[in-house]
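If you want the building blocks of each chain, they are given just below.
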Amino acid sequence: MLSSFAGARDGWWLNEPIRWVQTNLRETDANLDAAHLVGQLADMRANVLLIGMGGITAYYPTRIEFHTISPYLPPGHDMFGDVLQAAHAKGIRVVGRFDFSKTSKAAFDAHPEWFFRKANGDPVIYNGLYSTCINGAYYREQAVKILSEALDKYPVDGLFFNMFGNQSRDYSGNDVGLCHCAVCRRKYEQMFHKELPDKPDDDYRKFMFVSSREVAAIFGDLIHKKRPQAGYFNYVQESTDGIMSESNTAVARPLPMWPYSASDNVNRALNSEPGKMPVNLCMQFVDYWWRFATVTRDEIALRLWENIANGGALAFEVNGTLDQQDRQAVETAKPIFRWLADHEQYYSRERSAARVLLLAGPANTGQTYSQRSYRGLFRLLSEEHIPFAVSNNMRWLGTRDFDLVIATDWAPPELRGYAEGGGRVLIVSPREPQFPLASIVRKSPDVRGYFRVRDHSLFPSLHDTNLLMLEGPFTELAGDAKAPLTLIPPSMIGPPEKVHVDWKDTDQPGLVFRTMGKGTVAWIPWDLGALYYRESLPAYAGLFRDVVDRLQPTRQLRTNAHPLVEMTWMQQGDRKLLHLINLSGHSQTGYFPPLPMIDIRVEIAGRFKEAISARNPAHLQVHFENGYTRFTVPRLTGYELIVLN
Ligand SMILES: [Zn+2]
């Protein structure tokens, strides 16, 4: 299957269990003791180190002009070289970190054309460093010289790049706007026949996308030419071998917190680009201002378990070295790294075995996409224990079987052919699909009304209610006297004597089913996902469950597990892996130790001879009946793995 995905390269990152530690070094760390650091890594049984190499600060003697060597690198020393040698001696791979987004004043004085320019022509200066432009010759020529030297000199196992693509905010959160350098102005004019905008719009996002991917391709080609065994890791999907992402926090970020952050990032990367390795960094710090203050232990643990339960690398990041002043994050990560080292046979070459696909927003377009709608559906699927894969590209069509594809806010034209060929599709969005499905009467941006349940036989989960609340956009489709769910438009809300006394039922459907060729498409033309994300009403979960059950009558997994148990269903060679993660410790803004859960009954479609629990080691009794293998997980604390043969 991998070979059907263009650009996928086979390498250590795909074939080995990965326990990855990233140290975001400060320039003062250039005098670190390589043996000490590598000893700490070996002790926690990490097997990949991502460490500062060059870009803003070089941690090795470099001969390339304007490549600033750390002033703290003792004369005659080669910190990066020493670490690389010591790590390799212990079987630890080393990925070098570069950041070309900023460089010195000396470079700016000599080559002002390399740099980011604000709309008024000023450079962007932060702590004495000048921001470069992704379209300028610093990225496209000077960086290539720097990387060529590095790759010639050191047998690295990979390279990683931070900050890729003209950030419009600095670390302090100040808006610096869009780059107006001569190259950007000329190139944008050529692409769109107009001047650069003041604020990013869809065209500008497309422009930045194209610009950053050009550089990604240059770097990728260079790495693959000079070190064919080395991996290329970046925050982009194009040209890379590993797709980087982060689970992080920021104090000003809108609530609620997203406890599925790592699962979301890894699931999406793995199933959007099946030939690449997802590396989701668990960032230890609270926010930029407090790089040395760690988030809670249980948030660290949750992210690490989610990473590996979804087929990604175990990946953990610290600022500075492993000698932390706040040791909570490192001390949490250590036993998890060690346990995974002891059970590493289960943690490589995992593939999703899910038969439901959730489409994430379109990659490669710059088109906006409702994160709230997506997250609501993500939560519903997880809480319903429906194993699902997330993808943001459509190349999976024809390469992999699914029973059901779910789309929100982006229902691409490819879904039509998929349905006509016998596929089943659920669209949950007021935004109309990009193929003809049902005639639209009008689109209302904000409706505060209800839906009436007309046919309870279709909605067994809604037996205790005749109403669901609607708030937000609603797309009115042609009226249907037989619609099972219909709109009640807004009516009087007060005083109590007047509440809804004037309401009127309509025949405007809140759900339609359409046959397309050999397949079926269901459309909920309002934002059930976003409403569930914010309100968590059981009626939304009930409606979702009943529609999914109608489209996909056979579930892969049936269980009495609590909704806050996340389960992922993975394939590894000939065996299957069921991962269970306990999210019950998350409340409001806190992550506490999860409440232990006992006697979780599980029924998995298919016949398995044995089920082994790895975290609380036991052979579980299995029974096969009516197409399902049944067993009970006696105890779940934070995480459990069931291996099925
Ligand atoms: Zn520019």
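Preceding this section is the structure that the text describes.
This section reports on the structure supplied with the text. If you're wondering where the values come from, they're calculated on a predicted model, not measured in any experiment.

## Considering the overall build of the chain
Inference 1: Of the regular secondary structure elements, the chain holds 14 helices and 32 strands.
Inference 2: Scaling as 2.2 N^0.38, a compact globule of 645 residues should have a C-alpha radius of gyration of about 26 Å, and the chain matches this with 26 Å.
Inference 3: Dimensions of the chain, computed from the C-alpha atoms along their principal axes, are close to 80 × 65 × 50 Å.
Inference 4: A total of 645 residues make up the chain; the buried ones form 58% of that total.
Inference 5: In the chain, the share of contacts with a sequence separation of at least 24, taken over all contacts with a separation of at least 6, comes to 71%.
Inference 6: Total accessible area on the chain is roughly 26600 Å²; 50% of this is exposed by carbon and sulfur atoms.
Inference 7: Put simply, the chain has 70 plus and 72 minus side-chain charges, and the middle of one group is 2 Å from the middle of the other.

## Considerations on the coordination of the zinc ion
Inference 1: Protein coordination of the zinc ion is provided by C133 (SG), C179 (SG), C181 (SG) and C184 (SG), with donor distances spanning 2.2 to 2.3 Å.
Inference 2: Metal-centred angles of 99 to 115° between the four donor atoms at the zinc ion mark the site as tetrahedral.
Inference 3: In terms of primary sequence, the donors binding the zinc ion are separated according to C-x45-C-x1-C-x2-C. Of this pair, C133 sits in the loop between strand 6 (129–131) and helix 5 (137–153) while C181 is found in the loop between strand 7 (158–162) and helix 6 (182–192), placing the two residues 48 residues apart along the sequence.
Inference 4: Judged by relative accessible area, which is 3%, C181 ranks as buried.

## Topic: unusual backbone geometry
Inference 1: Omega for the bond connecting L255 with P256 falls within 30 degrees of zero, at 5°, which places this linkage in the cis form.
Inference 2: When you line up the elements, P256 lands in the loop between strand 9 (242–247) and helix 8 (261–272).
Inference 3: Cis peptide bonds are those with omega within 30 degrees of zero, and the linkage from G494 to P495 qualifies with -10°.
Inference 4: Mapped onto the elements, P495 comes out in the loop between strand 19 (485–488) and strand 20 (512–516).
Inference 5: Although it is not a glycine, S239 sits at a positive phi angle of roughly 70°.
Inference 6: Looking at the element boundaries, S239 is found in the loop between strand 8 (231–234) and strand 9.
Inference 7: Judged by its relative accessible area of 31%, S239 is partly exposed.

## Overview of the environment of A143
Inference 1: The residue A143 is located in helix 5 in this model.
Inference 2: Its relative accessible area of 0% is what places A143 among the buried residues.
Inference 3: The contact partners of A143, leaving out residues within four places of it in the chain, are F100, Y138 and F219.

## What about the sheet that holds strand 12 (residues 351–352)?
Inference 1: A sheet is described by the order of its strands in space; here six strands give the open sequence 12-23-24-32-28-29, paired in antiparallel fashion. Only two strands of the sheet have a single partner each, and these edge strands are strand 12 and strand 29 (618–620).
Inference 2: Across the sheet, helix 9 (residues 297–309) is in contact with strand 23 (565–572), strand 24 (575–582) and strand 32 (639–644); its angle to strand 24 comes to roughly 160°.

## Quick look at the side chain of N135
Inference 1: With respect to the helices and strands, N135 occurs in the loop between strand 6 and helix 5.
Inference 2: For N135, a relative accessible area of 5% translates into the label buried.
Inference 3: Of note is the side chain of N135, whose polar atom sits 2.6 Å from the side chain of K187.
Inference 4: In this structure the side chain of N135 is engaged in a polar contact, spanning 3.2 Å, whose partner is the side chain of S211.
Inference 5: Those residues within four positions of N135 in sequence are excluded, and the remaining contacts are R140, V183, C184, K187, F207, M208, S211 and E214.

## Topic: the packing of helix 8 against helix 9
Inference 1: Running from N to C, helix 8 and helix 9 point in directions that differ by 20°, and their axes come no closer than 8 Å. The orientation of helix 8 relative to helix 9 falls into the category roughly parallel. Crossing of helix 8 against helix 9: the hand is right-handed. Residues S261, A262, S263 and V266 of helix 8 lie in contact with helix 9, whose contacting residues are R303, E306 and N307.
Inference 2: In terms of residue class, the contact of helix 8 with helix 9 is made up of two nonpolar, three polar and two charged.

## Concerning the side chain of Q508
Inference 1: Its place among the elements puts Q508 in the loop between strand 19 and strand 20.
Inference 2: Non-local contacts of Q508, meaning those with residues more than four positions away in its chain, are made with F474, E476, L485, T486 and L487.

## Considerations on the sheet that holds strand 18 (residues 467–477)
Inference 1: On the basis of which strands lie adjacent, the open sheet formed by three strands has the order 18-17-19 and antiparallel pairing. Whereas interior strands pair on both sides, the edge strands pair on one side only; in this sheet they are strand 18 and strand 19. In this sheet, neighbouring strand axes are inclined to one another by 50° on average, regardless of whether the strands run parallel or antiparallel.
Inference 2: Packed on one face of the sheet, helix 14 (residues 538–551) meets strand 18 and strand 19 and runs near 55° to strand 18.

## Some remarks on helix 2 (residues 34–44)
Inference 1: Residues of helix 2 that are buried include every one of A34, L37, V38, Q40, L41 and M44, and no others. For helix 2, the buried positions fall inside an angular range of 155° around the axis, keeping them on one side.
Inference 2: Where helix 2 is buried, its residues meet strand 1 (19–24), strand 2 (48–54), helix 3 (79–89) and helix 10 (328–342).
Inference 3: The N-cap of helix 2, judged by a side-chain oxygen 3.0 Å from the amide nitrogen of A35 a few residues on, is D33.

## Observations regarding the pattern of salt bridges
Inference 1: Following the criterion strictly, the structure yields 33 salt bridges and no others.
Inference 2: In this structure, the salt-bridge partner of R213 is E238, at a minimum N-O distance of 2.7 Å. Of this pair, R213 sits in helix 7 (residues 202–226) while E238 sits in the loop between strand 8 and strand 9, and the two are 25 residues apart along the sequence.
Inference 3: For R213, a relative accessible area of 21% translates into the label partly exposed.
Inference 4: Note on E238: relative accessible area 19%, which makes it buried.

So, how was this worked out
- Residues numbered from 1 in each chain as written.
- Predicted model: local features only at pLDDT ≥ 70, side-chain atom pairs only at ≥ 80, totals over all residues.
- Heavy atoms only, no water.
- Helix = DSSP H or I, 4+ residues; strand = E, 2+ residues; numbered from the N terminus.
- Rg over C-alpha atoms; globule rule 2.2 N^0.38 Å.
- Buried < 20%, exposed > 50% of the residue type's maximum accessible area, 1.4 Å probe, protein only.
- Contact = heavy atoms within 4.5 Å.
- Areas by Shrake-Rupley, 256 points an atom, 1.4 Å probe, with all protein chains shown as cover.
- Lys, Arg positive; Asp, Glu negative; His and termini not counted.
- Charge placed at Lys NZ, Arg CZ, Asp CG, Glu CD.
- Donors = N, O, S within 2.8 Å, 3.2 Å for Na, K, Ca; no water.
- Tetrahedral: all angles 85-135°; square planar, octahedral: opposite > 155°, others 65-115°.
- Pairing = 2+ DSSP bridges.
- Axes fitted to C-alpha atoms, helices over the stretch in contact; angles between N-to-C directions.
- Polar contact = N/O pair within 3.5 Å; in protein donor to acceptor, adjacent residues only side chain to side chain.
- Parallel < 35°, antiparallel > 145°, perpendicular 65-115°, else oblique.
- Left-handed = near helix turned anticlockwise from the far one by under 90°.
- Nonpolar A, V, L, I, M, F, W, Y, C, P; charged D, E, K, R; others polar.
- Arc of directions from axis to C-beta.
- Salt bridge = Lys/Arg side-chain N within 4 Å of Asp/Glu carboxyl O.

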